[in-house]
Amino acid sequence: MSKFLLFMKLTIILIIAAVMQVSASSYAQQITLNVKKAPLEKVLKEIRAQSGYDFLFDAKLIQNAKPVDIQLENAGIEEALKNCLKGQALSYTIDEHTVVIREAEKTLLDKVADMVTDIKDKAGKLVQPSIVVGKVSGSYGVPLSGATVMVKRTKLGTNTDIKGNYILKTAETTDTLVISFIGYKTTTVPINKRVIVDVNLQEATSGLDEVVVQAYGRTTQRLTTGNINRITAADIAKQPVTDPLLALEGRAPGVEITPQTGYDGGPVKVVIRGRQSINTNINSDPLYIIDGVPQTVLDLRPFDYTNNNGHRGQYSPGLGDPTVSYSTGSSPLAAYNPSDIESVEILKDADATAIYGSRGANGVILITTKKGSPSNGEFSIDLAQGVRYTVAEWQQLNTPQYIAMRKEAFRNDGIIPTAQNAPDIFLLDNNRFTDWQKYAYGNTGNWTNLQASLSGGTAQTTYRLAGGYRASSDISTAKGRNPQGSFSSNLTTHSANQRFTLSFTTNYTFLVNNQISIASVATLPPNAPSVYDAQGSLNFAEYDKVRIVFPFSGLLQPYEGKTNTLNGSLNLNYTVFKGFVAKVNLGYNNAQKQQSQYQPLAAQDPLPGSPQKGSARVENARTNNIIVEPQLEYNAVIGKGSINLLTGGSYQLNNTSSLQTIGTGYTTDDLLYSMAAAPVVQATDTKGQYKYAGVFARINYNWENKYILNLNGRRDGSSRFGENNRFGNFGSVGAAYIVTEEKWVRDFLPKVFSTIKLRGSYGTTGSDGVGDYQYLTQWAPVSAGQSATSTNPKYNGVIPLVSIQHANTDFHWQVNKKLEGALDLSFLDERISVEVAYYRDRCNNQLIQFPTADLTGFSTVTANSPANVQNDGWEFQANAQIINGKSFRWSASFNIGINKNKLLSYPNFQLSPYYTLMKIGRPLGEQYLYKFTGVDPLTGQYTYLDANHDGLVSAVAGVPPGTGMDDRVALINTTPQYSGGMGQRFSFKKLSLSLFFNYRKQLARNELASTAFGALGNVSLYKYNNRWQSPGDIATIARLTTTAKASDINYGSSDAAYTDGSFIRLQNIALSYTLPVKIIRKIGLKALSINASAQNIFVITNYKGLDPEVNNFGALPPTRTITWGLSASF
Amino acid sequence: MLSIIMVVMCGCKKLVEIDKPTNTISTASAFGTDSKLNSVMAGLYNQMINTGLAFSNGATTLYGGLTADEFVDYGGPTNTLTYPLLTSNINANADFAADVIWSSAYKTIYNSNAIIENLTSSVSDKITDSLRASCTGEAKFTRAFSYFYLTNFYGDVPLVLTTDFNKTATLPRAPQAQVYDQMVRDLKDAQSLLPDNFSAGLGERIRPNKGAATALLARVYLYQKDWKNAEAQASAVIGNSHYSLLADLNKVFLINSTEAIWQLKQDVSLTPVGSGTYDDINFNTRIEWESLGPDDQAVFLDPSVYPSVSFFLTPQNYLTDELSNAFEPGDLRHTAWVRSTPSPNIDPYFGVTYNYPFKYINRTATNNQPALQYNVMLRLAEQYLIRAEARAELGDAGGSAADINRIRNRAGLPNTTASGQTDLLAAVARERRIELFAEWAHRLFDLKRTGKASEVLGAIAIKQPWKPGQLLYPVPVSEIIRDPRLVQNPGY
């Protein structure tokens, strides 16, 4: 508790500091000076007058100063002072609103310089010293600690100290220095007989030297030995999406991102480099780390033992019980504001992920939020407004066509339609027509996004404060919108001596999500009765009369989810001595979700004889994460290379709990929203604790920027394993060889080549991705399961206690072995860069819910599967600045990922639960289906290949497909063969345009697979127009019938149900125009741009259906979002 | 900082130790005290009666009756899950309603095994010896009870006697004889472990006791054709003063029936069963025709009204004509245990009258009312008929006839005219069909064990083409997939 208070105090001080800094900055605006040879005193007075700052100095000191030449426009106080005091033996400090000017203390550097310049030989001549000193600084003049300064000739060098200073003792006056620092362009500077060589490095904003966030640190594409893909704020912010994950679709090769429902904030399936699990539905989520804090979202729902069926295996179950919402869960990042994200790094291979060892098996996604940068306080706002609407709907039959279809179906069956068997023909108004899809999904949704941020600071301290409001409505939102509010702040500060650095970041978001569910509107007859009756109530009566299940109850059964998330991280950094840094990262994450769903009486069929009751279901779930990661880092130049050593520990504590309350038996809707008013209340609580601790070390050695070796090791313990299996060791070796650093290669290679780099890695990563307490024997009171209408049962008044899972204390860490090799090339001064990577991941002890027969008592057991699954593939990406002119620029990017997946081996396969479902050596996603052989021209029925010529087309479970009586010989695999994206960016003067396409090559289930065809229910026009009608017809679709025969039903289990689902989608197009500065300045703005963006513009595909990514007939259709807005900064 | 890392390295073991779960307890704890053991026993019975359709709750009676010649499913072909049972057209590879029998019986077996195992290994001194014995006996009884239905529906079945999934995950099927031997062993153990009274159910007959074990053992011996032992065990039950036949047929299935040997008590707060039983839902109409006044009856039968009310007036399953016609005139059991509901004489109802079982009082979907009936698992009338059959087989014609007459007389019928062994056996079979109709698949099992199933059922029109293999249900294919050592029954 006391620790917590201390933490709180610190927070308050930091916030106050930030606020003060803000006011100072707003003071320090706009000093304009234009003087030549002016006395310093006079200039300072002028600055005082313009800035409002007070000055304190020794008048004598100022009088002795040199006269000043200065030209400034709208400069800040610091900039003005710096200019005034340039070359003077004076320094300044700013205290509140007072500037104090003192005599400058001689720095170490100056002293050394004085010393060496004074060396004279015996003849009294100045000796050319072999020593060079200097200071390396970066943007805003920030001294760079740990930069490498190397003599080009000898390859010997040193690192800068805390204040950016270096001393090189072995240089000759004619030598050239090579100065490099992560994130900055490597610069060469000839010494040119100087003793003091100060260097200001330029930040690399693109290309190989741009900073890339890696595990526990930063690196660059040039120096990394692992596979890291970076997606920056610019690409994310342009896309009007509600979930940051969706902004990543197609952006990195080998990363498949697929939304699982059409609902905003619904679960998103993320698969990095192929399916590893032999289980179809197991959670494949990568590890998400936001500002160093791993996001642990536990899956807490207990087993639903009543039907023997665990709920595990949902994709991204998110926070809370997924069954409460219609979207069946939520994306783990749904609540995060995409506007606060600075970059997303996707770590894929062993080298990049091994240091997260135990949890990196599915890849790691690092999210870094925006920080402030030194400036005079920039206030900027972004406003956007937009619309969303359904892109496509099924072409269905109208009423006359529908009636004709039904009559034909009866004729084909030889049945005379009557009011009894054809209520839709006889009891419904045949002149009525409703486009039900339009009714359900025809609304135009809207999009509003307001973001404001204030950032700035000095070289010493920077800050950023940002607030945002976003409201989106998808086409099925009950209350019209899903509002999200967010607030984030960051403060980074260095001590005066640069030894201590503190960075504190918080993000808070609040998201409300509304949903309603409308089922099967696509198949509703076009002449079905209206949704509401004359009294405005749901029209159950008329639907009952014609025995159609009323599909619109959902209109009055709202779901609401409210998510609060708070993410805070504090990084403390202390340089003990040159090159040796002690750090600690403290992270805190708190997420809460309240979900509620109501079933009012008004939404229930008032059947006589069975009185309906209302029910309410409310769940509160929370998760708390605390992480502490102390680290020690040492940087040094050893021999011809620099070494980076990192060691640290990680401790994580996660507590998750939820309470779900179900109130039933309400006899009036008036009190439905009060749990206390429920006649029967039933509660289910869950609670879980997860602890995790590890130690890790990394050794990185960089020899002349030519050979780079990277070793990672980690030992981890997790509370999710039984006592004897808690600890696991993981490690990796990565190496890179930058061929173009070899002189002989340079000499021999044509000039177009800028860089050739080979890199490779091998290592192990793991997973403890099972629920908590799975290794324990557990007995629990029986709860009612998830049915909203039952209560916790009792037997003769006694609360029953049952065993809820197979006890297995033997399962242990899953270990994945990952191998990667890659070639990175760049051409034409790095204007074109290309990366080709080959990888091979093997996983042979995956932790899964292993299927067991019901006769054992449970249908699954948590265990390590003996299946060895291999994913291997190629990834290719290229970036090019095609035209880099003064007014016109054109750049393009392209990526592709090709993955092959197979079941490599499986001991005792014939006794395994997978024996009849898959084959060794074949892809896991392969399905075995009937081979479709067309429509019989005589009978109009679908026919299939009788592969074994036994006169029957049959599927026999329990034998391997295609053997014995089984005729399933067609192989269909819907896993994408390859996927990727391509982007184009143009800018002409103030106008810029970007386009982003994503694409996939895949097979997809088509609409024809739905079997209803001729029975009560609408069908697609395509099917109707292509049906068989009379003997002799050569048709692609079977005859109409009122009851589906086996031949109709088998269609969905045949290869005909799958068609080419490949597509190229113009995912995003963004246009922006920046207004000329001259105009902007007049209205007091720094910058103003207007922009427009659209998401999901068009799809090029042969797919038969609404959208190749929405395979279900009648599912929520895909939408398009178009937004327009402006960005301004002051 | 270095020290922190050292602490992390040394203290790793401690760092990943977590609190115990708060909403579950360990096996050791569950078998730690009498009261928790009582909750575990409640878990065993709750699973049998309160978790929806199960072999022990509705499924055996319904599916066995459809497969035999007891019921017709009102929904006909539209009930794709149950229609194949009625028509002997089960496709093992399609969804099959009766799979629930397999999974619920094995769940009961798992729970029984867990109790037997853990009471054997539990060293807690907070469990009294008598409770330890009786609970072990109850679990052995429920295990035998589950195997009885499993083996009669599926033939050879895996004999699961432990909860260790490492041992059970790839079990093959065991021969039926071995399963019967296990039942006999378990029931004999249960007889010696269980008390004779109803103390476990606090006076109600809702936990199996020695009488229940004896009654089931009598049936098991009968099915094994061990007539002597069947006769002896049945006699032990009949001679037990706790059990007596009720003169009033309307009271046989009530909660306080002295004829009940063992009942399971449903939780009346649960839907959809509520204060009724699953048999009530399966067989009764939502609105009882006889409860309607004459005016209402006329309105309801109006051809324009009937389509929208037929749902409430018709039973989900009704009696076959064969069964309805098998009642002798004047049989009080028809009066007490059969109801009927008419339909208008229009297409497609054609004025058909539906007879349906009324052993189970109509309380459909009524929650939280006091229960009038529990689910009767074993009852005394069967014991008389077991003994009658055993005595006939043993040549005790007089004793056999006396037992048959005990049942006939109660139903208001005269003494049986049968005297020879063959006739007596036929008379017992006929009496079993009537007395035990719509109960526990007695009819199906009787036809099967006497070898008459194909002869009787194969002649029924709706079951054409007759497939004798369907007298054994298919092992659920999902089970064969997960345990490839299981072999499917022939004919599927």
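Residues numbered from 1 in each chain as written. Chains lettered and ligands numbered in written order. Predicted model: local features only at pLDDT ≥ 70, side-chain atom pairs only at ≥ 80, totals over all residues. Heavy atoms only, no water.

1. Focus on the overall build of chain B
Inference 1: When helices and strands are counted, chain B shows 23 helices and six strands.
Inference 2: For 492 residues, the compact-globule estimate of 2.2 N^0.38 gives 23 Å, and chain B sits close to it at 25 Å.
Inference 3: Taken over 492 residues, chain B has a buried fraction of 61%.
Inference 4: Nonlocal contacts in chain B, meaning residues at least 24 apart in sequence, comprise 71% of its contacts between residues at least 6 apart.
Inference 5: For chain B, the accessible surface area stands at approximately 18,000 Å², while carbon and sulfur atoms represent 55% of it.
Inference 6: Looking at chain B, you have 43 positive and 49 negative side-chain charges, and the mean spots of the two groups are 6 Å apart. (Helix = DSSP H or I, 4+ residues; strand = E, 2+ residues; numbered from the N terminus. Rg over C-alpha atoms; globule rule 2.2 N^0.38 Å. Buried < 20%, exposed > 50% of the residue type's maximum accessible area, 1.4 Å probe, protein only. Contact = heavy atoms within 4.5 Å. Areas by Shrake-Rupley, 256 points an atom, 1.4 Å probe, with all protein chains shown as cover. Lys, Arg positive; Asp, Glu negative; His and termini not counted. Charge placed at Lys NZ, Arg CZ, Asp CG, Glu CD.)

2. Things to note about the overall build of chain A
Inference 1: On a plain count of helices and strands, chain A comes out with 15 helices and 53 strands.
Inference 2: Per-residue burial for chain A yields a buried fraction of 55% across its 1130 residues.
Inference 3: The contacts in chain A between residues at least 6 apart in sequence include a share of 69% that link residues at least 24 apart.
Inference 4: Accessible area of chain A: about 46,600 Å², with a carbon and sulfur share of 57%.

3. Regarding the nonpolar core
Inference 1: Counting 131 residues, the largest nonpolar core has Tyr63, Phe141, Phe145, Tyr147, Trp262 and Tyr473 of chain B as the members making the most contacts within it.
Inference 2: In terms of residues, this core owes the most to one element, helix H8 (residues 129-154) of chain B, which gives 12 residues. (Core = buried A, V, L, I, M, F, W, Y, C linked by side-chain atoms within 4.5 Å.)

4. Here's the deal with the sheet that holds strand S10 (residues 176-180) of chain A
Across a sheet, paired strands are connected by hydrogen bonds in the backbone, their directions being either parallel or antiparallel.
Residues and elements named next belong to chain A.
Inference 1: Taken together, the four strands give an open sheet; going across it, the order is S8-S7-S10-S11, and neighbouring strands pair in antiparallel fashion. In this open sheet, the two edge strands, each paired with only one partner strand, are strand S8 (157-159) and strand S11 (187-190). Mean inter-strand twist for the sheet, computed between neighbouring axes without regard to direction, equals 20°.
Inference 2: Direction of pairing for strand S7 (residues 148-151) relative to S10: antiparallel, over a ladder of four bridges. Considered in S10, the bridge of Thr148 is made with Ser180. (Pairing = 2+ DSSP bridges. Axes fitted to C-alpha atoms, helices over the stretch in contact; angles between N-to-C directions.)

5. Some words on the interface of chain B and chain A
Where the parts come together, the accessible area they lose is often given as the size of the interface.
Inference 1: Of the residues lining the interface, 73 residues belong to chain B; the matching set on chain A comes to 79 residues.
Inference 2: In this assembly, chain B packs against chain A so that about 6,200 Å² is buried in total across both faces, 65% of it on carbon and sulfur atoms.
Inference 3: Summed over the shared surface of chain B and chain A, the number is one salt bridge.
Inference 4: Arg482 of chain B is the salt-bridge partner of Asp854 of chain A, the closest N and O atoms lying 3.2 Å from each other.
Inference 5: Our count for the contact surface shared by chain B and chain A stands at 21 residue pairs in polar contact (both at pLDDT 80 or more).
Inference 6: When residues of the side of chain B that touches chain A are traced back to their parent elements, those giving at least two are helix H1 (2-10), helix H2 (12-15), helix H3 (27-30), helix H4 (34-49), helix H7 (99-121), helix H9 (165-168), strand S2 (260-264) and helix H23 (477-482) of chain B.
Inference 7: Sorting elements by how many residues they give to the side of chain B that touches chain A places H4 of chain B first, with nine residues.
Inference 8: In terms of residue class, the side of chain B that touches chain A is built from 38 nonpolar, 21 polar and 14 charged. (Buried area = accessible area lost by both parts, 1.4 Å probe. Salt bridge = Lys/Arg side-chain N within 4 Å of Asp/Glu carboxyl O. Polar contact = N/O pair within 3.5 Å; in protein donor to acceptor, adjacent residues only side chain to side chain. Nonpolar A, V, L, I, M, F, W, Y, C, P; charged D, E, K, R; others polar.)

6. Considerations on the confidence of the model for chain A
All names here are of chain A.
Inference 1: On average, chain A scores 83 in pLDDT, and the residues at 70 or more come to 90%.
Inference 2: Note on residues 300-317: pLDDT is under 50 here. Beyond four places in sequence and across chains, it has 61 contacts.
Inference 3: Under a pLDDT of 50 for its full length, residues 785-789 has, in the predicted model, 13 contacts with residues more than four places off or in other chains. (pLDDT = per-residue confidence, 0-100.)

7. Digging into the packing of helix H18 (residues 380-394) of chain B against helix H19 (residues 397-410) of chain B
Residues and elements named next belong to chain B.
Inference 1: Running from amino to carboxyl end, H18 crosses H19 at an angle of 150°, the nearest separation of the two axes being 7 Å. Taken together, the axes of H18 and H19 lie roughly antiparallel to each other. Note that H18 runs across H19; the crossing there is left-handed. Across the interface between the two elements, Ala381, Tyr384, Leu385, Arg387, Ala388, Arg391 and Ala392 from H18 touch Gly399, Ser400, Asp403, Ile404, Arg406, Ile407 and Arg410 from H19.
Inference 2: When grouped by side-chain class, the residues that make up the contact of H18 with H19 number seven nonpolar, two polar and five charged. (Parallel < 35°, antiparallel > 145°, perpendicular 65-115°, else oblique. Left-handed = near helix turned anticlockwise from the far one by under 90°.)

8. Details of the pattern of salt bridges
All names here are of chain B.
Inference 1: Counted according to the given criterion, the structure contains 63 salt bridges over all chains.
Inference 2: As a salt-bridge pair, Arg408 and Glu431 come within 3.2 Å of each other at their nearest N and O atoms. Here Arg408 is found in helix H19, whereas its partner Glu431 is found in helix H20 (residues 421-435), with 23 residues between them in sequence. Taken as a pair, Arg408 and Glu431 share a single burial class, namely buried.
Inference 3: Sharing partners across several salt bridges, the network here consists of Glu259, Glu328, Asp331, Arg333, Lys359, Arg379, Arg408, Arg410, Arg430, Glu431, Glu435 and Glu439.

9. Remarks on the side chain of Gln233 of chain B
Residues and elements named next belong to chain B.
Inference 1: Tracing the sequence through the fold places Gln233 in helix H12 (residues 227-238).
Inference 2: Judged by its relative accessible area of 15%, Gln233 is buried.
Inference 3: Within the local environment of Gln233, its side chain forms a polar contact with the side chain of Gln191, the two groups lying 2.9 Å apart.

10. As for the environment of Leu457 of chain B
Residues and elements named next belong to chain B.
Inference 1: Within the secondary structure, Leu457 is located in helix H22 (residues 453-457).
Inference 2: Residue classification places Leu457 among the buried positions, given a relative accessible area of 0%.
Inference 3: For the pair Leu457 and Pro468, spaced 11 residues apart in sequence, the C-alpha to C-alpha distance is 9.1 Å.

11. Some thoughts on the pairing of strand S26 (residues 500-515) of chain A
All names here are of chain A.
Inference 1: Along S26, 13 of the 16 residues are buried, which leaves the element largely enclosed by surrounding structure.
Inference 2: Sheet topology places strand S25 (residues 482-494) next to S26; 11 bridges connect them, and they run antiparallel. Directly across from Thr492, in S26, lies its bridge partner Ser503.
Inference 3: Counting the residues in the hairpin turn of S25 and S26 gives five residues, including Gln498, whose phi is positive at 70°.
Inference 4: Pairing between S26 and strand S27 (residues 559-577): 16 bridges, direction antiparallel. Among the inter-strand pairings, Ser503 is bridged to a residue of S27, identified as Asn571.

12. Observations concerning the packing of aromatic side chains
Inference 1: Evaluated as defined, the whole model comprises 67 aromatic pairs over all chains.
Inference 2: Aromatic side chains Tyr701 of chain A and Trp703 of chain A sit 6.1 Å apart centroid to centroid with 55° between the ring planes, which places their arrangement in the tilted category.
Inference 3: Above the plane of the ring of Tyr839 of chain A lies Arg273 of chain A, whose end atom (NZ or CZ) is 4.0 Å from the centre.
Inference 4: Above the plane of the ring of Phe311 of chain B lies Arg286 of chain B, whose end atom (NZ or CZ) is 4.0 Å from the centre. (Phe/Tyr/Trp six-rings, centres within 6.5 Å; stacked < 30°, edge-to-face > 60°. Lys NZ or Arg CZ within 6 Å of the ring centre and 35° of its normal.)

13. Digging into the sheet that holds strand S6 (residues 132-137) of chain A
All names here are of chain A.
Inference 1: Pairing in this open sheet of three strands is mixed, and the strands run S9-S6-S12 from one edge to the other. Two strands bound the open sheet, and with one partner strand each, they are strand S9 (165-168) and strand S12 (199-200).
Inference 2: Pairing geometry for S6 and S9, over four bridges, is antiparallel. When the bridges of S9 are listed, Val132 appears paired with Leu168.

14. Description of the packing of helix H2 (residues 40-51) of chain A against helix H4 (residues 77-85) of chain A
All names here are of chain A.
Inference 1: At a minimum axis separation of 11 Å, H2 and H4 run at an interaxial angle of 175°. In terms of their interaxial angle, H2 and H4 are classed as roughly antiparallel. Contacts from Leu40, Val43, Leu44, Ile47 and Ser51 of H2 reach H4 at Ile77, Ala80, Leu81, Cys84 and Leu85.
Inference 2: For the contact of H2 with H4, the class distribution of residues is nine nonpolar, one polar and no charged.

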